[in-house]
Each structure stands twice: as C-alpha cells, then as structure tokens.
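As a plain string of letters, each chain reads:
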Amino acid sequence: MSRLLIAEDESRIAAFIEKGLKANGLLTTVVTNAHEAMLLAQSGEFDLLILDLGLPDQDGLTVLETLRGQGERLPIIVLTARDDIHAKVAGLEGGADDYVTKPFRFEELLARVRVQLRNRQAPSSKEDMVLTIGKVSLNLRTREVQVGNRPIELSAREFILAETFLRYPGQVMSREQLLNHVWGYEYDPGSNIVDVYVGYLRKKLGNDLIETVRGMGYRLRT
Ligand code: CA
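Cut-offs and rules
Residues numbered from 1 in each chain as written. Predicted model: local features only at pLDDT ≥ 70, side-chain atom pairs only at ≥ 80, totals over all residues. Heavy atoms only, no water. Helix = DSSP H or I, 4+ residues; strand = E, 2+ residues; numbered from the N terminus. Buried < 20%, exposed > 50% of the residue type's maximum accessible area, 1.4 Å probe, protein only. Contact = heavy atoms within 4.5 Å. Areas by Shrake-Rupley, 256 points an atom, 1.4 Å probe, with all protein chains shown as cover. Lys, Arg positive; Asp, Glu negative; His and termini not counted. Charge placed at Lys NZ, Arg CZ, Asp CG, Glu CD. Donors = N, O, S within 2.8 Å, 3.2 Å for Na, K, Ca; no water. Expected span 1.5 Å × (residues − 1). Arc of directions from axis to C-beta. Salt bridge = Lys/Arg side-chain N within 4 Å of Asp/Glu carboxyl O. Pairing = 2+ DSSP bridges. pLDDT = per-residue confidence, 0-100. Axes fitted to C-alpha atoms, helices over the stretch in contact; angles between N-to-C directions. 1 Å grid on protein atoms, 1.4 Å probe; cavity = no way out; pocket = protein on both sides within 12 Å on 5 of 7 lines; lining within 4 Å. Points joined across faces, edges and corners; volume = space filled by probe spheres on them. Nonpolar A, V, L, I, M, F, W, Y, C, P; charged D, E, K, R; others polar.

S.K.: Let's hear about the overall build of the chain: which residues, and what values?
M.R.: The number of helices and strands found in the chain is eight helices and eleven strands. The burial tally for the chain puts 45% of its 222 residues in the buried class. Counting only contacts in the chain whose residues sit at least 6 apart along the sequence, the fraction spanning at least 24 positions is 58%. Here the chain has roughly 11800 Å² of accessible surface; of this, 48% comes from carbon and sulfur atoms. For the chain, the distance from the average position of its 28 positive side-chain charges to the average position of its 31 negative side-chain charges is 9 Å.

This is the structure we're talking about:
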C-alpha cells in the first residue's frame, strides 16, 4: 500500500482528501504545519507528499525548497489557493512534481496522485520489471507469470491481486485494502470477491503462498 503524507492546516480540506484517498486503498497521515511536514517527509516512510502552500508556521514553498535543497526526492504535489500562474511556476520550479489549484474535485487530485505513484513504481531497469518471491515470478511488462519454470495463465484481476501481494511480501493486507486496490468502487465491502480470488491464486500459484491472518486479512509468505 502506498503511504501518503498530507500537509494541510484546514481540517475540512484535510479530512476531505484523507477520506477519498483511504477509500481508494491508500494509507494517509495528516500534519497541519510545515515543521511536522518537513520532519515526516524526510522519514523515508512515505511515497508522496501533498503539500498545501499556505501553512501556519511557514510557507509551503519554503518547505518544498528546503526539502529539495536537502536532496529529498519524495514526489510532491502542491495544493495552492493562489491560482495565478506565477505561484504555480514558482511552485514547480521549487521542485514540485505537480500542483492542484483549490478548489478542486477529488477525482482531479486522485488522478495526479496516481500518476506520481505510478512514476515512482515505474521500473528503472529490466530486472525491476520482474517481481519474484520464492518460485513465483511476475513479469510486469509482458504479464507473463511463472511458477518454477512453468507458465501460468492469470486473468487481469488475478494478475493485479498477485502483483499487490508480491509488492508487499510479509505485510498483512485487509480484505478492504485489497478490494479497494484491485477492484476500486465496483464491489461493495460486504462482497467476498477477495476471498474467492485469493482461492484462485492459491490454486494457480501454490496453496501455501498466501496465508490467512485470522480476523485481519491475508499475507504473502516470504
Ligand atoms: Ca492552508
């Protein structure tokens, strides 16, 4: 699961963003000032920072410039109420990866978040395109799946679910997180589709690959 840091002092906006991101299977942490944003952005715990420019203790642009000045490469999406082009240009030149002007629709922010997370996960070399755990390997480019040297056919959903497990080996993922991540809004939370598909993956990739963590969800054995 991707972890997002949100630096926004207006609780209404922070809650709006957080609720939407959580519903889309992302993990979120909200901070309300520049000091905490700076500390947590450098913790290595996050995949993306959503940074409001108007923070109470320090201007968001200063946060941005300081982080980049220190060599921090965390993707940053700037939120700005200043919709004049000068602020935007300054924001981007200060090292933001993208910006969203308030007021914005959640879908617009989500689309930009997804682009940044995809860029971050984009494989940088050929080796990175193959995820391997034990005997199972997934080629993210060709979508070929192998167990040992045996090719396996997975449906598109099965592939995404398998990829999610292989990206986070050993980490417990709840049904809700998996549902949001793989199926999005198409199924209601009461659906047992996750359990059904975990069953499919066990059949195709090996019975002991994914373990059930009682009351919590599933985990890929490492
Ligand atoms: Ca603000």
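Next comes the rest of the description.
S.K.: Report on the coordination of the calcium ion, specifying residues and quantitative values.
M.R.: Protein coordination at the calcium ion: the donors are Asp-9 (OD), Asp-52 (OD) and Gly-54 (O), at 2.2 to 2.4 Å from the metal. All donors to the calcium ion come from one chain, and their sequence spacing reads D-x42-D-x1-G.

S.K.: Requested: an account of the environment of Tyr-99, with residues and values cited.
M.R.: Its place among the elements puts Tyr-99 in strand β5 (residues 98-101). By relative accessible area, which is 22% here, Tyr-99 ends up partly exposed.

S.K.: Give a description of helix α1 (residues 11-23) that names residues and reports values.
M.R.: Spanning 13 residues, α1 covers 18 Å between terminal C-alpha atoms, matching the ideal 18 Å at 1.5 Å per step. What α1 keeps buried is the set Ile-13, Ala-14, Ile-17, Gly-20 and Leu-21. An end-on view of α1 places all buried positions within 140° of arc, on one side of the element. Exposed and oriented more than 90 degrees from the buried face of α1 are Ser-11, Arg-12 and Lys-19.

S.K.: If you had to explain the pattern of salt bridges to someone new, which residues and values would you point to?
M.R.: Overall, the coordinates contain 13 salt bridges when judged by the stated rule. Measuring nitrogen to oxygen at the nearest pair gives 3.8 Å for the salt bridge that ties Glu-10 to Lys-102. Here Lys-102 lies in the loop between β5 and α5 (106-121) and Glu-10 lies in the loop between β1 (3-7) and α1, a separation of 92 residues in the sequence. Relative accessible area serves as the criterion here: at 36%, Glu-10 is assigned to the partly exposed category. On the accessibility criterion, Lys-102 (14% relative accessible area) is buried. For Arg-221, the salt bridge goes to Glu-211, with nearest N and O atoms at 3.5 Å.

S.K.: How would you sum up unusual backbone geometry? Please name residues and give values.
M.R.: Omega for the peptide link from Lys-102 to Pro-103 comes to -5°, which places this bond in the cis form. Its place among the elements puts Pro-103 in the loop between β5 and α5.

S.K.: Residue-level account of the pairing of strand β6 (residues 130-133), with values.
M.R.: Burial along β6 is one-sided: Leu-131 and Ile-133 are buried, while Val-130 and Thr-132, pointing the other way, are not. Relative to strand β7 (residues 136-139), β6 runs antiparallel, the two being bridged by four bridges. Paired with Val-130 across the two strands is Asn-139, which belongs to β7. The loop that links β6 with its antiparallel partner β7 comprises two residues; one of these, Gly-134, has a positive phi angle of about 60°.

S.K.: How would you explain the confidence of the model for the chain if you had to name every residue and give the values?
M.R.: For the chain, mean pLDDT is 88; residues scoring 70 or higher make up 91% of the total. Per-element averaging of pLDDT across the chain places helix α4 (residues 85-93) at the bottom with 70 and β1 at the top with 97.

S.K.: Let's hear about the sheet that holds β7: which residues, and what values?
M.R.: Here four strands make up an open sheet; going across it, the order is β6-β7-β8-β9 and the pairing antiparallel. This sheet does not close on itself; its edge strands, each paired only once, are β6 and β9 (150-152). For this sheet, the mean inter-axis angle between neighbouring strands, taken without regard to orientation, is 25°. On the sheet, helix α6 (residues 156-167) packs against β6, β7 and β8 (145-147) and is oriented at approximately 115° with respect to β7. In the packing of helix α8 (residues 193-205) onto the sheet, the strands contacted are β7, β8 and β9, and the crossing angle to β8 comes to about 60°.

S.K.: Describe in detail the layout of surface pockets, supporting the description with residues and values.
M.R.: Taken as a whole, the second largest pocket spans an internal volume of roughly 170 Å³. Looking at the second largest pocket, the residues that line it are Ile-133, Gly-134, Lys-135, Val-136, Val-147, Leu-205, Gly-206, Asp-208, Leu-209 and Arg-221. Residues belonging to the lining of the second largest pocket are distributed by class as follows: five nonpolar, two polar and three charged.

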